[in-house]
Amino acid sequence: MRSSTDRRNFAVGPRNGGAAVKGVTQRVHSPDQSRNDPLEDDVQAFLIDEDQLHTFDDLTKVNPVTPATVLKCLQARYSLKVFYTHAGCTLVALNPFQPIPDLYSVDVMKEYHYATQPQEFKPHIFIVAEEAYRNVQGQLEPVNQSLVVSGESGAGKTWTSRCLMKYYATVAASAQAVSSQDAVERIERRVLDSNPLMEAFGNACTLRNNNSSRFGKYIQLQMNRAQLLVGASVQTYLLEKTRVACQPANERNFHIFYQMMKGATDEQRTDWKMPQDQCFVWLPNCEKQIEEDGFLETAEAMVHLGIDAERQRQIFRVLAGILQLGNVSFCSSTNESQPCDLDQDSEDFLQRAGELLGVPAEELCRCLRVRTLKAGKQNVLKPCSQAECGVRRDCLAKVIYGQLFEWLVTFINSCICADQSKWCNFIGVLDVYGFECFQINNLEQLCINYANEKLQQHFVAHYLRAQQEEYVSEGLEWSFIKYQDNQSCLDLLEGSPISVFSLLNEESRLNRASDSTALRGRLEKELGGNGNICWDKFSKVPHFTVAHYAGKVSYQLEGMVEKNKDPVPPELIGLLEKSDNLLLHEIFSDKETEIPHSKGLSRVTVISKFKNSLENLMKLLLTTAPHYTRCIKPNSDCRPLTFKNREVILQLEACGIVETIHISAAGFPIRIPLKSFVQRYGPIGKCSTSSRLDPDPDAESTNVLQQEVEKLVRVALQHNVSCDERRSLVHCGKTKVFLTQPMLDLLEDHRGKILSRCAFTIQCCWLRHQRRRRLARRQSATLIQAAVRSWLVRKQIRRWNGAASVIQNTWKKWRALLKSLAEAELDEAEDLAADDSPALSAVVRERGSVQLSSFQEPVPVRGWPMGLALASAPSITVSLTATGFQKMISVMTSLNLPSRRGEYKVETNQYKQGLASIRARPRGSVKLHYQRSPLLYADMQPDLKSNVTGFNEILLEKTL
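From a predicted model like this one, the values you see are computed outputs, not experimental measurements.

1. Comments concerning the pattern of salt bridges
Close approach of charged atoms lets side chains of opposite charge pair.
Now for step 1: What the rule picks out here adds up to 29 salt bridges.
Now for step 2: Residue Arg352 pairs with Asp348 through a salt bridge whose shortest N-O separation is 3.3 Å. Placement of the pair is Arg352 and Asp348 together in helix H14 (residues 346-357), with a separation of four residues, close to one helical turn.
Now for step 3: The exposure class assigned to Arg352 is buried, which follows from its relative accessible area of 19%.
Now for step 4: We classify Asp348 as partly exposed; its relative accessible area is 41%.
Now for step 5: Across the pair Lys565 and Glu562 runs a salt bridge, and its minimum N-O distance is 3.8 Å. Of this pair, Lys565 and Glu562 both sit in helix H21 (residues 560-565), separated by three residues, roughly a single helical turn.
Now for step 6: For Glu562, a relative accessible area of 36% gives the class partly exposed.

2. Points about the sheet that holds strand S5 (residues 145-151)
Now for step 1: Spatially, seven strands are ordered S3-S4-S18-S5-S14-S8-S9 in an open sheet, and the strand pairing comes out mixed. Among the strands making up the open sheet, the edge pair consists of strand S3 (84-87) and strand S9 (229-237). Strand-to-strand twist in this sheet, taken as the mean axis angle between neighbours without regard to direction, amounts to 20°.
Now for step 2: Both S5 and strand S14 (residues 425-431) contribute to a ladder of five bridges, which runs parallel. When the bridges of S14 are listed, Gln145 appears paired with Ile427.
Now for step 3: Along the sheet face, helix H8 (residues 188-202) touches strand S8 (216-223) and S9 and points at about 20° away from the line of S9.

3. Some words on the side chain of Ser346
Now for step 1: Relative to the helices and strands, Ser346 is located in helix H14.
Now for step 2: Each residue touching Ser346, except ones within four places of it in the same chain, is listed here: Asn327, Val328 and Ser329.

4. Side note on the pairing of S9
Now for step 1: When you tally the buried positions in S9, you get seven out of nine residues, the bulk of the element.
Now for step 2: In this structure, S8 lies alongside S9, joined through eight bridges in antiparallel fashion. Bridged to Met223 within S9 is Leu229.
Now for step 3: Hairpin connection from S8 to S9: five residues lie between these consecutive antiparallel strands, with Gln227 at a positive phi of about 60°.

5. Some remarks on the pairing of S3
Now for step 1: Burial along S3 is two-sided: Tyr84 and His86 facing one way and Thr85 and Ala87 facing the other are all buried.
Now for step 2: The pairing of S3 with strand S4 (residues 90-94) spans four bridges and is classified as antiparallel. Looking at S4, one finds that His86 is bridged to Leu91.
Now for step 3: The antiparallel hairpin formed by S3 and S4 contains two residues in its connecting segment, where Gly88 sits at a positive phi of about 70°.

What counts and what doesn't
Residues numbered from 1 in each chain as written. Predicted model: local features only at pLDDT ≥ 70, side-chain atom pairs only at ≥ 80, totals over all residues. Heavy atoms only, no water. Salt bridge = Lys/Arg side-chain N within 4 Å of Asp/Glu carboxyl O. Helix = DSSP H or I, 4+ residues; strand = E, 2+ residues; numbered from the N terminus. Buried < 20%, exposed > 50% of the residue type's maximum accessible area, 1.4 Å probe, protein only. Pairing = 2+ DSSP bridges. Axes fitted to C-alpha atoms, helices over the stretch in contact; angles between N-to-C directions. Contact = heavy atoms within 4.5 Å.

Rendered as C-alpha cells:
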C-alpha cells in the first residue's frame, strides 16, 4: 500500500494545444525510486500521465521542456508507430527500420497537398514539403526553398530525401505532362530514376546503415512560373573513393559491384569475364543480402535516363575491370633494382583487367611496377616497392571510379536539367552523410563531420541565434536561452591563420614523405590552446581528438596526409587516355578532368576542394528559406521498432532539439513585416463594426504602420483579453509583427470570415448579373426562334399548297381516266350488238392480248393493267399468246393458271364462288384486269348482306 504522502497535487502544464489543467490529483512514482534517476520532481509531475504522451504532436506543448520529457514523448509516439513529431520549426523523424504500408502512398500525398491547412494534420514529412511548395507558389521572399535533412548515419536521411523527391514529382506535375508520356519520361520519371542510379554508385552498406550515402548531394528541383516541375540538377560533394580499394571491417563496397555479381546474366558474365565461382578481394561480405542489391532496377533507370545498351556495356566493363584489378597482387623481387614480381595467379587477373579497361596488359603492368621520374628534360624509370605497387594499383582504381561517378552525375544533369529560360525558382533537397564516429577515423570522417558542423552552424545562425538577436533588435522583452554554439569547433578546423586544415594542407604541399608523429607534435604546439582539441597521452598511435557538437571523435594521423594529397601518377593517366574503351577515352581525353597534370595544380588538396564546394553550398543555402528535418536513429543495431533511450537522448542534445523547443515555445515563431501585415489583414478593420480603419498599404512611415497594426490587433482580439495575455500572443516590433500560432489562427479565422462575406456578396451580384443576362438572352432567343419558326411554317405551307394542287389535279385526271376505263369495261349494248370486235387501242395493243380457242371463233382476251375479273363461263381450255415475257407472266398470275403437264387450265372465280363482271356469254372480246380496277371496292360476297344497292347491284349478281 502506498502512503498518503504518495498523493500530491500538481499543476499540469499546457497540453494538446496549450490548455492548462490545474489542480488534478495524480499518483506519482514511489519515493523508493533510485536517486540516480535523472528525472526530477517537476519532470515527474509531467510524466505521471504517460498515457497521454503520444497525443503531443508538437514538442513545444510539453511542459516542462527537458531532454527527459522530450525523450519520453518521442518514445511513447514511437511505440504506437508514430514516427514524425514537430519541434517548433523543425520536424523530428524517427527511423522505424521497417516498411510502413500506406505511409507514403500517392493518396497520402494528395491529401496533404489539397488540404487547406496541412499543419492541422498529423506531423509528416509531406507537411514540410508542402510548406516549401506553397512558399514558392506565394512568392514569399526568399522564394527559393531548401529542405535540409540531417542526422547520424543510418537515421533515414536518404529515405527522407527520396520521399521528398517523389512528393514533388507527384504534386508538381502538370496535367498536360500526365497525358504526354514524353513529358513524363523527360521530367518526373527521369528525376525519380536518377535517385536509384546515384545510390547504386554512391551508397554502400556500413556497420550503421545498409544504404549509407558515401557522398553528399544537393538536388535542385526546378520550377517554372506556374510552379510546375520542369527539371532538376544534382551537385555532389566528396565521394568516398577509398572505399573502392579499401573497405572497413564488416562493411561492403559500393552497391553497384554487388548488383553486378548477383543480377548479371550468363551472357553478361561472359562479356565481363566474371565467372560464377570467381571471388574478388574488393567485394567482402558478398553473402549478405540487402534490399539495395537490385541490378534490374539500376539497369532500368539507366534506360530511362537515356543510357543505351552499348554505353551500359562500356560502364559495366570498366567496373568489372576495377574488380579484376583488385585481385592483382605483387611480391618483392630478389633484386631491388628490378620491378616487383606478380603473384602466380595475378597474371590472369591483370590480363582480364587490361582487356576490360581497353589497355595493353603489358603496359598496364609496367605502369603499376615502374615509376617515371623527371630529371630535367629526361625521364628516369624507377622500380616501385611492393607497397608502392599496391598504392599505385589502388590509386588507379580510385581515379577511374571517381571520374566515372563524376561523368555519371554530369550525364544525369544533362538529362534532367532544364534550360535557364524555362525555370525561375527551385526547391533544394540536401542529403549529406551523417555524423560518423568509428574505431578508426581518418580524413574521410574528418571531412564528413566538418560538413555536419557547417550545417549545425547554419541551423544555429539561422534559427537559434538569429531568433534571439532579432528579438533584441525589435525591442521584445526576452529572456535569453543558452544554446550550444559550435563556432569554436569550426574555428579549430578551418580558422585563420592556423587550423587543422591549414596545417594538413601545408604538410601535403611539402615535397617529402609525411611523418605522422611530427604532424601530431605540430598540431599540439600550434592548437594546444583550443579547448575543442585534445590528445590521449597514453596512446602510441599518432592522433588528435576533436570535440564536435555531436561528441568527441579521435582521428588517426597515419595516412591522412597522403589521402589529402590524392596523388595520381601521370603515366597512369596517359595510359587511360589511350584506352580502347570509348567511355574511358572520353572521360580522360575528350573533356578536361580535374586530375592535375602540372606541378602547380598538384597543390590543390582534397580538403581545399571539399572546403570550397562546401562554402559554395552554404552561400546557396543562405539565399534560400531553410526547412529542417532532424532524423533520429532509435538504435544502432537497425532493429525494427527498438527504442534505446541513451542513444536517442545523445542525438537530441547534439543537434540542439531541446534549445529549439525552448525558443519556439517561449517565443514568437511567426513574424510578418508591418506593411505585409497591414496589406493582408487590413480587411479585418474595414469590415469591423467596432472600429473603422482606413489603412493605407502604401504608407511607408513606420509609426503609421505600427498604429494600423495596433488597431487591427485590437479589432481581432475584440478587447476580450488582458494586457499580459495580449503581450503573450502578439508583439509589434520596429519592423515586424511577432505572432504565436494561436494568434495567427485567430487572424486567419477573422480574415477568412470577412473574405467569405465579401465573396458571398460578390457571388450574389454576379449571380444577379448572370440571371439578368440569361433572361435577356432567353427573350432574344425566343423572339428569334418565333420569327424563324413562322418563316419556316409559311414556307412549308406554301410548299404544301403547291404540292396539294399538283396532287389534286393529277388525282382528278387519274380518276377521270379510271372512270372511263370502268365504263369501257362493262358490256354495253353496243358491244353485244356488234358482230366484229372493236379495234384495239394503242395501249391495249401495246400491252398484249390472250386468245381463247375453245369457241368456234377465237375470242380475244385483252390484258389490262388494272383489274381482276373474268367472265362467268364454264371451264375452257385456252391457249395463250402474249408478247413479252413480263406480260405473259402477269397474265398467268392474274388468271391463277396451275401447270398440268404442260397444259393450262383456266379456273374462273365462279368456281370459288367469286363474282364476274360479265352476265352474258361472251360474244366478243373478254377484258381481263390483273392489277387494280375501279371494281376493287365491289362487294365480293353479296349473299351475306340483305341489301345490295347502287353500282354493285347493277354489276354483280349472286352465282350458285
